[in-house]
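A structural walkthrough
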Amino acid sequence: MIEGFILRTLDYQDHNKLLYIYTNQGIKSVLARGVKKLNSPFRHLTQSGHLISFEASKGNLPTLKNATLLNRYQALKQDIIKITMMHVVCELIYYNLTDDDDHEKLFNFLKKVLNALNDTPCPEDILMIFELKFFHFLGYGINLKHCQTCQTKHDLWFDVNSASLVCQQHAIKTHTLIGPKHHQILTWCYYIDIETYQPLQLEVKTTQVLFDVIEALQTMHMGTKPKSKAILRTLLTGGTS
Ligand SMILES: [Zn+2]
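Each chain carries its own residue numbering, running from 1 in the written order of its sequence. In keeping with the predicted nature of the model, local features appear solely for residues at pLDDT of at least 70, side-chain atom pairs appear and are counted solely at 80 or more, and the whole-chain, interface and lining totals rest on all residues. In computing side-chain values, all of the structure's heavy atoms are included and hydrogens and water are not.

1. As for the nonpolar core
Among buried residues, the Ala, Val, Leu, Ile, Met, Phe, Trp, Tyr and Cys ones that are joined through side-chain atoms within 4.5 Å form a nonpolar core. Relative accessibility under 20% of the residue-type maximum defines a buried residue, over 50% an exposed one, and the middle range a partly exposed one, all with a 1.4 Å probe and only protein chains included. Counting 58 residues, the largest nonpolar core has F5, I93, F130 and F134 as the members making the most contacts within it. Of the residues forming this core, the biggest block, 10 residues, is contributed by helix α4 (residues 123-138). Structurally, this core is a two-domain feature, drawing no fewer than three residues from each of domain 1 (2-72) and domain 2 (75-237). In this structure, F130 is in contact with V89, L92, I93, L106, F109 and V113, ignoring residues within four places of it in sequence. Membership of the second largest hydrophobic core comes to 12 residues, among which are I6, L19, L45 and L64. Helix and strand labels come from DSSP, where a helix needs a run of H or I of at least four residues and a strand needs a run of E of at least two; each type is numbered from the N terminus. Where each domain starts and ends follows an automatic or database-derived domain assignment. Working rule for contacts: check all heavy atoms of both residues, and any pair within 4.5 Å makes them a contact.

Below is the structure:
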């Protein structure tokens, strides 16, 4: 049996489901036969957002043979904002990983993120920590230390258009620039240990600005930003922005 987190499921023929499970060896596609039948022992287990322990047959399309539930993240599932954040995390993993990534490390980190998301009163922090550190896992070095052009470390702004740090001298005035008060929070998220951090309790306005920066970085490095992020923003602002 190996541990895995179900990123998404697809209905497949009458009673079957296709499971996309993230494990310490990468994403596995597993066919779960008959799990939509009322009497299937795996019916409630084979749902996205569950951490399971499972065994599958060998072959091109492995079939689920055995599985037990390890964590359904109960508190998380009762909060629509946390659920949407979990979708963002799943989307990022599903669409951006390659076989060469360090899955052992990312899978362990993902479990910590899910536990933290489940328990925290400030889920925004957890999502930003995941998103920032995810760049690092993918091998994208995010410069949060010096001006992109002259390397100075003083008086820095984040240029959303070019997704880079700039000093006063190299800032392009027509671009959207984010001040140090904000991008220092991102630096904090990038380096913090998710297990020992203290909640930031950010205002929604601040969170939205930080999301702008993270989405600029995602669009630049991954070509796109997670679609669930738009839903999340609407939920956080109650539809007012
Ligand atoms: Zn400069």
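Still more to cover.
2. Digging into helix α7 (residues 228-237)
Among the residues of α7, those classed as buried are S228, K229, L232, R233, L236 and T237. End-on, the buried residues of α7 take up no more than an arc of 160°, which puts them together on one face. Among the structural elements, α2 (80-96), α4 and α6 (204-222) are those in contact with the buried residues of α7. In the stretch just after α7, G238 is the one whose phi turns positive, near 65°. Note that the arc is computed from the directions linking the helix axis to the C-beta atoms.

3. A short note on the domain arrangement of the protein
By domain assignment, the protein separates into domain 1 (2-72) and domain 2 (75-237). Domain 1 and domain 2 are separated by 30 Å when their C-alpha centres are compared. In this complex, domain 1 contributes 18 residues to the contact, which on the side of domain 2 involves 15 residues. Buried area is understood as the total, over both parts, of accessible area removed when two parts are fitted together, assessed with a 1.4 Å probe. When domain 1 packs against domain 2, the two sides together hide about 1,400 Å² of surface, and 66% of this comes from carbon and sulfur. When the buried surface of domain 1 facing domain 2 is broken down by residue, F5, Y22 and N24 rank first, second and third, together holding 42% of it. Think of a salt bridge as a Lys or Arg side-chain nitrogen and an Asp or Glu carboxyl oxygen that are within 4 Å of each other. The interface formed by domain 1 and domain 2 includes one salt bridge.

4. Re the pattern of salt bridges
By the definition in use, this model includes eight salt bridges. The shortest N-O distance in the salt bridge between K225 and E215 comes to 3.6 Å. Here K225 is found in the loop between α6 and α7, whereas its partner E215 is found in helix α6, with 10 residues between them in sequence. When its relative accessible area of 7% is taken as the criterion, E215 is described as buried. One continuous salt-bridge network, built from bridges that share partners, spans E131, D212, E215, K225, K229 and R233.

5. A short note on the sheet that holds strand β3 (residues 26-32)
The strand order across the open sheet formed by five strands is β3-β2-β1-β4-β5, and the pairing between neighbours is antiparallel. The open sheet has two edge strands with one neighbour each: β3 and β5 (64-71). With strand direction ignored, the average angle separating the axes of adjacent strands in the sheet is 40°. Criterion used throughout: strands pair if DSSP finds at least two bridges between them. The pairing of strand β1 (residues 2-12) with strand β4 (residues 51-56) spans four bridges and is classified as antiparallel. By the bridge assignment for β4, G4 is matched with I52. Axis angles are defined between N-to-C directions and span 0 to 180 degrees, where every axis is a line fitted to C-alpha atoms and, for a helix, only to the segment in contact.

6. A closer look at a nonpolar patch on the surface
Patch membership is restricted to residues that have no salt bridge and whose relative accessible area is over 30%. Joining uses 9 Å for like charges and 5 Å for the nonpolar side chains Val, Leu, Ile, Met, Phe, Trp and Tyr. A 1.4 Å probe and the Shrake-Rupley method give the accessible areas. Residues count as covered only by the protein chains that appear here. On the surface, I80, I231 and L235 cluster together into a nonpolar patch covering about 270 Å² of accessible area. By the secondary structure assignment, L235 is in helix α7.

7. Re the coordination of the zinc ion
Distances decide who is a donor: an N, O or S atom must be within 2.8 Å of the metal, or within 3.2 Å for Na, K and Ca. Water is not included, so sites may look incomplete. Taken together, the protein donors to the zinc ion comprise C147 (SG), C150 (SG), C167 (SG) and H170 (ND1), at separations of 2.1 to 2.3 Å. Any site counts as irregular unless it has four donors with all angles between 85 and 135 degrees, making it tetrahedral, or four or six donors with opposite ones more than 155 degrees apart and the rest between 65 and 115, making it square planar or octahedral. Coordination at the zinc ion comes from four donor atoms whose angles at the metal span 95 to 117°, giving a geometry best classed as tetrahedral. Site description for the zinc ion: donor spacing in sequence, C-x2-C-x16-C-x2-H. Residue C150 is found in the loop between α4 and β6 (156-159), and its partner C167 is found in strand β7 (residues 164-167); the two are separated by 17 residues along the sequence. Classification of C167 by relative accessible area gives buried; the value is 6%.

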